[in-house]
Amino acid sequence: GLIAFYIPNSTLGPSGRLANSSEGDVVIAKVGSQEIKLKEFNAQVMQMASVFGRGNPLPLSTLKTLGVDKQALDQLISNRLVLDQASDLNLSGSDGEVAEIIKRTFTDGNGAFIGKDEYVRRLLLQGANVAEYEQERRNEITTRKVRSYLTSAEQVSDREIEEKFKKDNTKV
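A. Structural view of the nonpolar core. Within the largest apolar cluster, 15 residues are counted, with the highest numbers of intra-cluster contacts made by Ile28, Ile36, Phe41 and Val45. For this core, the secondary-structure elements that each account for two or more residues are strand S2 (27–31), helix H1 (38–52) and helix H3 (68–89). Setting aside residues no more than four positions away along its own chain, Ile36 makes contact with Val26, Val27, Ile28, Ala29, Val31, Leu76, Ile77 and Arg80. Of all hydrophobic cores here, the second largest spans ten residues; its members include Ile101, Tyr119, Tyr133 and Ile141.

Below, the structure written as structure tokens:
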């Protein structure tokens, strides 16, 4: 499919968030039927920057020099290609699978789920949108399913390949 993208100039605040939050909904790339928004791109850059900087903030100029912006976009495009393929294969993460991940992630000191209200409160405190967070988890599950589907092809031994080749290419 066609991949087109546009990244407008935008400034990130000290927290790594967009200075103008309305810009975050700008679609910067479209991969098949999947869209990539500016806020997703910036979040991916900041996540990768955290890894490169080992938890310490790095200037945007340094990130661009390291090619983090290009790597972030490549990763988002790759993920969208997988999600687009998942749509063609009718694969997706179910509500139950998303709920299971949430229950395993948001636990108290004893490993028990903290409850929906506390889960929502914690996400909101982090500035996260609950629906977007759950969609990200669904996308992760869907991506795993597609990759599993693609790698689960039947294994064929070298001997079977050789026998098939001889059979197809031997004339009597």
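B. How the structure looks around the packing of aromatic side chains. A complete count under the given rule lists three aromatic pairs for this structure. A centroid spacing of 5.8 Å and a plane angle of 75° characterise the contact between Phe106 and Tyr133, whose relative ring orientation is edge-to-face. In this pair, Phe106 sits in the loop between helix H4 (95–105) and helix H5 (116–125) while Tyr133 sits in helix H6 (residues 130–151), placing the two residues 27 residues apart along the sequence. Residue Phe106 shares its accessibility class with Tyr133, and that shared class is buried. An aromatic cluster is defined as three or more aromatic residues linked by ring pairs; in this entry it consists of Phe106, Tyr119 and Tyr133. Sitting over the face of the ring of Tyr133, Arg137 holds its NZ or CZ atom 4.2 Å from the ring centroid.

Cut-offs used in this document
- Residues numbered from 1 in each chain as written.
- Predicted model: local features only at pLDDT ≥ 70, side-chain atom pairs only at ≥ 80, totals over all residues.
- Heavy atoms only, no water.
- Core = buried A, V, L, I, M, F, W, Y, C linked by side-chain atoms within 4.5 Å.
- Buried < 20%, exposed > 50% of the residue type's maximum accessible area, 1.4 Å probe, protein only.
- Helix = DSSP H or I, 4+ residues; strand = E, 2+ residues; numbered from the N terminus.
- Contact = heavy atoms within 4.5 Å.
- Phe/Tyr/Trp six-rings, centres within 6.5 Å; stacked < 30°, edge-to-face > 60°.
- Lys NZ or Arg CZ within 6 Å of the ring centre and 35° of its normal.

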